[in-house]
Amino acid sequence: MSSPKIDYQEIIKKAAVITWRNRYLWWLGFFVVVAGTFGSFFQYFPKGEKVEGQKIIEYLSSNTEVMILICMTVFFIWLMLGILGIIAKGGLIKSIYKIDKKEKTSLKSAFQEGKKYFWEIFFIGTLSIVFILATLLVFMLPIGFLFYNKAYFLGGLLSF
């Protein structure tokens, strides 16, 4: 029994037409991307001279209130972007569903729909992260034991 053939070119054409006619979907996609990349933003600060970094560290260690304020502000921004990203995901999914069913939709209704599905999307994302971490643990634990027992060749082979 053969499986039905999927016409990827038709899917891409249909998606392009939908996004061109409903440009508010671009905003939802933008919010999803920004929320997803904010966590890795701090990895890309340029590595300057250590003298400047040392001065900043000395200043922050002597002014703990400023450091706490900065940490709380960054956490708050991260939290708000995460919430906005989850709402945008739900709104994007529901809007595309409504567009496919030829129903009327807008950016405002997309955010309202996204709010309805916030907890479901949040728990699905959390559950998937837990499964990914559990899978990594299952794969990495035996390799760690091999390296701990000085079986470097076998541990390296399994790591590869």
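Thresholds, definitions, all that
Residues numbered from 1 in each chain as written. Predicted model: local features only at pLDDT ≥ 70, side-chain atom pairs only at ≥ 80, totals over all residues. Heavy atoms only, no water. Patch = residues over 30% accessible without salt bridge, like charges linked within 9 Å, V, L, I, M, F, W, Y side chains within 5 Å. Areas by Shrake-Rupley, 256 points an atom, 1.4 Å probe, with all protein chains shown as cover. Salt bridge = Lys/Arg side-chain N within 4 Å of Asp/Glu carboxyl O. Helix = DSSP H or I, 4+ residues; strand = E, 2+ residues; numbered from the N terminus. Axes fitted to C-alpha atoms, helices over the stretch in contact; angles between N-to-C directions. Left-handed = near helix turned anticlockwise from the far one by under 90°. Contact = heavy atoms within 4.5 Å. Nonpolar A, V, L, I, M, F, W, Y, C, P; charged D, E, K, R; others polar. Core = buried A, V, L, I, M, F, W, Y, C linked by side-chain atoms within 4.5 Å. Buried < 20%, exposed > 50% of the residue type's maximum accessible area, 1.4 Å probe, protein only.

With that out of the way, let us pick up a nonpolar patch on the surface. Together, Phe 75, Phe 76, Ile 77, Trp 78, Leu 79 and Met 80 line one region of the surface with nonpolar side chains, adding up to about 580 Å² of accessible area. Positionally, Phe 76 belongs in helix α4 (residues 64-100).

With that settled, consider the packing of helix α2 (residues 24-37) against α4. The relative placement of two packed helices comes down to the angle between their axes together with the axis-to-axis distance. Between α2 and α4, the shortest axis-to-axis distance is 8 Å and the interhelical angle comes to 145°. Of the two elements, α2 crosses α4, and the hand of that crossing is left-handed. Contact residues: α2 offers Tyr 24, Leu 25, Leu 28, Phe 31, Val 32, Val 34 and Ala 35, while α4 offers Leu 81, Gly 82, Leu 84, Gly 85, Ala 88, Lys 89, Gly 91, Leu 92, Ser 95, Ile 96 and Ile 99. Residue classes in the contact of α2 with α4 are distributed as 13 nonpolar, four polar and one charged.

Attention shifts here to the side chain of Lys 98. Looking at the secondary structure, you find Lys 98 in helix α4. Apart from the residues within four sequence positions on either side, Lys 98 is in contact with Glu 103, Lys 104, Thr 105 and Glu 113.

What follows is about the nonpolar core. Grouped together as the largest cluster of nonpolar side chains are 13 residues, with contacts concentrated most on Tyr 24, Leu 25, Leu 28, Ile 99 and Phe 111. The set of elements that each furnish at least two residues to this core consists of α2, α4, α5 (107-116) and α6 (118-148).

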